[in-house]
Amino acid sequence: MNKPKISMEELVSYCKRRGFVFQASEIYGGVAGMYDFGPYGVELKNNLKRLWWKEVVYKNTNVVGLDSAIIQNPKVWQASGHVERFNDPMVDCKACKKRFRADKLADVDSTDVKELTDIIAKLDCPNCGKHDWTDIRQFNLLMKTFLGPVEDDSAVAYLRGETCQGIYTNYDNVRETTRAKLPFGVAQIGKAFRNEITPGDFLFRQREFEQAEMQMFVHPDEASKVFAEWKQARMEWHQSFLTKENLRFREHGENERAHYAKDAWDIEYNFPFGFKEMEGIHNRGDWDLSRHSKYSSKELDYFDEASGKKYIPWVVETSVGMDRLFLATILDAYHEEKVGDETRVVLKLKPELAPVKVAILPLSKKPELSKVAQEVFASVAGEYNVEYDETQSIGKRYRRQDEIGTPLCVTVDFESLDDKAVTVRDRDSMEQERVKMSELKEYLDSKLS
Ligand code: GAP
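Once a new chain begins, its residue numbering starts again from 1 and follows that chain's sequence as written. Local features are withheld for residues below a pLDDT of 70 in this predicted model, meaning they are given only at 70 or higher, and side-chain atom pairs are given and counted only at 80 or more; totals for whole chains, interfaces and linings count all residues. Side-chain numbers here rest on the full set of heavy atoms in the structure, without hydrogens or water.

Trainee: I'd love a proper account of the nonpolar core, names of residues and values included.
Mentor: Here, the term nonpolar core denotes a set of buried Ala, Val, Leu, Ile, Met, Phe, Trp, Tyr and Cys residues that are joined through side-chain atoms within 4.5 Å. For the exposure calls, accessible area comes from a 1.4 Å probe over protein chains only, and a residue counts as buried if that area is under 20% of its type's maximum, exposed if over 50%, partly exposed in between. Judged by nonpolar contacts, the single largest core of 56 residues is most densely connected at Leu11, Phe20 and Trp52. Tallying contributions element by element places helix α11 (residues 322–333) first for this core, with eight residues. We call two residues in contact when some of their heavy atoms are within 4.5 Å. Excluding its chain neighbours within four sequence positions, the residues that come into contact with Leu11 are Ile6, Phe202, Leu327, Ile330 and Leu331. By definition, any uninterrupted DSSP run of H or I lasting at least four residues is a helix, any uninterrupted run of E lasting at least two residues is a strand, and each is numbered from the N terminus.

Structure representation (structure tokens):
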């Protein structure tokens, strides 16, 4: 494993210090597996989502978007197989009462209870060193709630465990309203919820997280080809802004695949705790549409005009966790550089992803400078996130902007009052250029594009 540029502890502290990520309900001691995105975090995450949407929806003539409800009819989750099979194996140490995910404890990519039991039988508890295990039990990950005032079994509903189920239930609506012919895809970004046994590794394993999923509906004979194309395209997309060496494919073994998957590959990223899944690409066969057709009694066959035949489309899915992508993006962009005797932290994000695109920094708080700097701000603000900052020394303000990845800083100094020009500093090269105020917006636009 490469030595990480930053440890997880340092990363968590940096994300908090710089307003990217806060522990949810921190003032009450937090809540396991939940995080809040601060002022710069929400910008970076929105930029990542926009980048994904452009790539998956706008670049493909046959992919459209959707935003479905988080809570669906509970039958959706019975049909999808999640009520019955969306389980993680769990085991407890009877001596110290610590709970483990059995496959993580056994350190294998398998959910086979017999295999896990055999491995764990040879292990001592990593927490207390004793050897006194409970049997392995299956724990369902769906989060429950109640709809309406009566909290009985008839009112149980589920927070979605994956966003794609709302795509399958709308398959026919989308097909009809867009007059789409196979193959066509539907994409969605949104929150998903899983009652993880052991949330951890910061944003990596949460109980509330965000997914960006695309479901391609295809003829069964086309599924393998479409799967291979999307698998490759998704890797190339990640490689367009993350270091190639930090990315790799991993194929799921038979005992590891989710209940719906005929074929499953992960795109893994080299996190400080090793290569781990960031995106899943799955051939889901006809599992989803045939189950929904059966449980809802609505025919979801596709009528192929060319052949005059009807069939249930197969689904090729790409599913990336936005929070894991967020983590990987910060880790990848994070650099520490020697500048003279000092070390500067710089987040080398591509401009499209940077939370703040431009910072306007008057050299001092003198009212005559502030006035001009405010005018400069007004002349460039509106289309992208521009920050105005007149506190602290200019050196400290540059470092602050470097740390959040701002590509360009604009300094308004006393000369600006006379020559109507400002100094623009580039984040990566730290080179400075004098630019006329009247040409500033055009200059910034060209640098940021
Ligand atoms: N619809 C398919 C599906 O949900 P998955 O492999 O279970 O497949 C897809 O999840 C992606 O969602 C994962 O690759 C991961 O990036 C993200 N993800 C899953 N569980 C997560 C969790 N507990 N916390 C953060 N992200 C998670």
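Trainee: Give me the lowdown on the packing of aromatic side chains, citing residues and values where you can.
Mentor: Centres within 6.5 Å are what make two rings of Phe, Tyr or Trp a pair, Trp counting through its six-membered ring; a difference in plane orientation under 30 degrees is then read as stacked, over 60 as edge-to-face, and the rest as tilted. The final tally for this structure, using the stated rule, is 19 aromatic pairs. Taking 4.8 Å as the distance between ring centres and 50 degrees as the angle between the ring planes, the aromatic pair formed by Tyr171 and Phe217 counts as tilted. With Tyr171 in helix α8 (residues 171–178) and Phe217 in strand β10 (residues 208–218), the pair connects residues that are 46 residues apart, well separated along the chain. Both residues of the pair, Tyr171 and Phe217, count as buried. With a centroid separation of 5.3 Å and 75 degrees between ring planes, the pair formed by Phe204 and Phe271 is classed as edge-to-face.

Trainee: Lay out the pairing of strand β21 (residues 408–412) in plain terms, naming residues and giving numbers.
Mentor: Extensive coverage of β21 is indicated by the burial of five of its five residues. Here β21 shows no split at all, with Leu408, Val410 and Val412 on one side and Cys409 and Thr411 on the other all buried. Two strands qualify as a pair provided DSSP detects at least 2 bridges between them. Alignment of β21 against strand β22 (residues 421–426), held across four bridges, turns out to be antiparallel. Its bridge partner lying in β22, Cys409 is registered against Arg425.

Trainee: Before we move on, can you summarise the site of the ligand with the specific residues and values?
Mentor: For this description, a residue counts as near a given molecule or strand if any of its non-hydrogen atoms is within 4 Å of it. In the vicinity of the ligand, 22 residues are found, and the nearest of them are Glu162, Gln206, Glu213, Glu277 and Glu317. Each polar contact in these results corresponds to two N or O atoms within 3.5 Å; when the atoms are within protein, one needs to be able to donate a hydrogen and the other to accept it, and residues that are neighboring in sequence are counted only if both atoms are side-chain atoms. One nitrogen or oxygen atom from the side chain of Arg284 is found 3.5 Å from a nitrogen atom belonging to the ligand. Taking Glu317, its side chain carries an N or O atom lying 2.8 Å from a nitrogen atom of the ligand. We get accessible surface area from the Shrake-Rupley algorithm with a probe of 1.4 Å; when it comes to residues, only the shown protein chains can shield them. Considering the ligand on its own, with 550 Å² of exposed area, one finds that the protein chains cover 94% of that surface. Counting residues per element, the ones that place at least two in the shell around the ligand are β10, β13 (274–285) and β16 (314–321). Sort the elements by how many residues they give to the shell around the ligand and β13 lands first, with six residues.

Trainee: How would you sum up the side chain of Arg427? Please name residues and give values.
Mentor: With respect to the element layout, Arg427 can be found in the loop between β22 and β23 (432–436). A polar contact of 3.2 Å, which involves the side chain of Arg427, links it to the backbone oxygen of Leu347. For Arg427, the side chain forms a polar contact with the main-chain oxygen of Gly405, separated by 2.7 Å. When residues no more than four places from it in sequence are discounted, the contact partners of Arg427 are Arg344, Val346, Leu347, Lys348, Leu349, Asp402, Gly405, Thr406 and Pro407.

Trainee: Tell me about unusual backbone geometry, residues and numbers included.
Mentor: A cis amide bond links Leu182 with the next residue in sequence, Pro183, at an omega value of -5 degrees. Positionally, Pro183 belongs in the loop between α8 and β9 (184–193). For Asp107, which is not glycine, the phi torsion reads 60 degrees and is therefore positive. When you line up the elements, Asp107 lands in the loop between α5 (102–106) and α6 (113–120). On the accessibility criterion, Asp107 (68% relative accessible area) is exposed. Here Met430, not a glycine, exhibits a phi torsion of approximately 60 degrees, which is positive. Structurally, Met430 can be placed in the loop between β22 and β23.

Trainee: An account of the state of the cysteines is requested, with residue identities and associated values reported.
Mentor: To count as a disulfide, a pair of cysteine sulfur atoms needs to be within 2.5 Å. One pass over the full model with this rule turns up zero disulfides. As a non-bridged cysteine, Cys93 has Cys96 as the owner of its nearest cysteine sulfur, 3.7 Å distant. Sulfur of Cys125: no disulfide; nearest cysteine sulfur belongs to Cys96 and is 3.8 Å away.

Trainee: An account of the sheet that holds strand β20 (residues 386–388) is needed here, citing residue identities and associated values.
Mentor: With mixed pairing, five strands are arranged side by side in an open sheet as β20-β19-β21-β22-β23. With partners counted over all chains shown, the strands left at the sheet margins are β20 and β23, one partner each. Within the sheet, the average angular offset between the axes of one strand and its neighbour, ignoring direction, is 25 degrees. Whenever a helix is involved, its axis is fitted only over the stretch in contact; in every case the axis is a line through C-alpha atoms, and angles between N-to-C directions fall within 0 to 180 degrees. Each of β19 (358–362), β20, β21 and β22 touches helix α12 (residues 367–380); the most contacted strand, β20, lies at about 170 degrees to it.

The values reported here are purely geometric and, on their own, carry no functional implication.
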